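Listed below, chain by chain, are the residues.
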Amino acid sequence: MASSADRERRDQHSAAQDLLARAHSPDSASRIYSDKIQYRSLHLRPSSPPPSVLGARAARRKAREAAKAKSRVRPKPLSSRERRRLGLQDIPRAGHKYDIYEPLNELWRGYAREVLGNDVFTGGPTAAAKLASAELHGALAEVVRSRCPGRVGIKGIVVRDRKFVLEIITRKRGLKVVPKEGTTFRIEVPADDTPDNDKKTPFAFEVLGDQLMLRSADRANKKFKMHFLNNL
């Protein structure tokens, strides 16, 4: 009496022959079955690895993730909104002292004389073109005209040149935030820092805040153009 395994084997062979008969002629189906299927061994492997292999695989995955996390050179930089929220660019209360920024003003005076060259004595359109892209951090600025009369007379060292405002440290009133729109600033550049310089007339120029409503980095790359201003 045939066992159940033999019956199952015969059923599999007959199913394979039926499938071959649908696609090939009887002679081709018989030849393909005898050459490639009847005596061909089929190697099977378990569909799931043993628990020991699963544990090793999880350990390797964790090791790869840890190595990837360590390989990151630096974290993602903070956005402008995050820097403002954290107050990283704000000047602390302890830094609202005029004496702290006097060395910065001395450096700026040397920088301004270097930028202007001989134009510090003559002025003119050439000096205006050079000052249009000059850096104002450290300059001694004074508000001479403004839409708000209360801002006129504010004088101090520019400690931060933002897009729409200038942050100025005054000698007696600490930090003042002055909007650029509708404001005219007067800035003086002494010819030199000798003791007799007080007797000499410094090179003075007035800056329209409406024309400075750019970031300092963008203003440095902008070309100077002379044109008529209706608000003067």
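The structure presented is a predicted model; accordingly, all values stated were derived computationally and were not measured. (Residues numbered from 1 in each chain as written. Predicted model: local features only at pLDDT ≥ 70, side-chain atom pairs only at ≥ 80, totals over all residues. Heavy atoms only, no water.)

## Details of the overall build of the chain
Secondary structure assignment for the chain yields 8 helices and 6 strands. For the chain, with 232 residues in total, the buried portion stands at 26%. Taking the contacts inside the chain whose residues are at least 6 apart along the sequence as the reference set, 49% of them involve residues at least 24 apart. (Helix = DSSP H or I, 4+ residues; strand = E, 2+ residues; numbered from the N terminus. Buried < 20%, exposed > 50% of the residue type's maximum accessible area, 1.4 Å probe, protein only. Contact = heavy atoms within 4.5 Å.)

## Structural notes on the pairing of strand S5 (residues 183-189)
Among the 7 residues of S5, 5 are classified as buried, and the element is accordingly described as predominantly covered. Note: S5 against strand S6 (residues 203-208), 6 bridges, orientation antiparallel. Paired with Glu188 across the bridge in S6 is Ala204. (Pairing = 2+ DSSP bridges.)

## Structural notes on the environment of Ser80
Structurally, the position occupied by Ser80 is in helix H4 (residues 80-86). Of the polar contacts made by the side chain of Ser80, one reaches the side chain of Arg83; its length is 3.2 Å. (Polar contact = N/O pair within 3.5 Å; in protein donor to acceptor, adjacent residues only side chain to side chain.)

## Regarding the pairing of strand S2 (residues 155-161)
Among the 7 residues in S2, 6 count as buried, and that is most of the element. With 3 bridges connecting them, strand S1 (residues 140-146) and S2 associate as antiparallel partners. Residue pairing across strands places Ala141 opposite Gly156, the latter belonging to S2. Hairpin connection, S2 to strand S3 (residues 165-170): the antiparallel pair is bridged by 3 residues.

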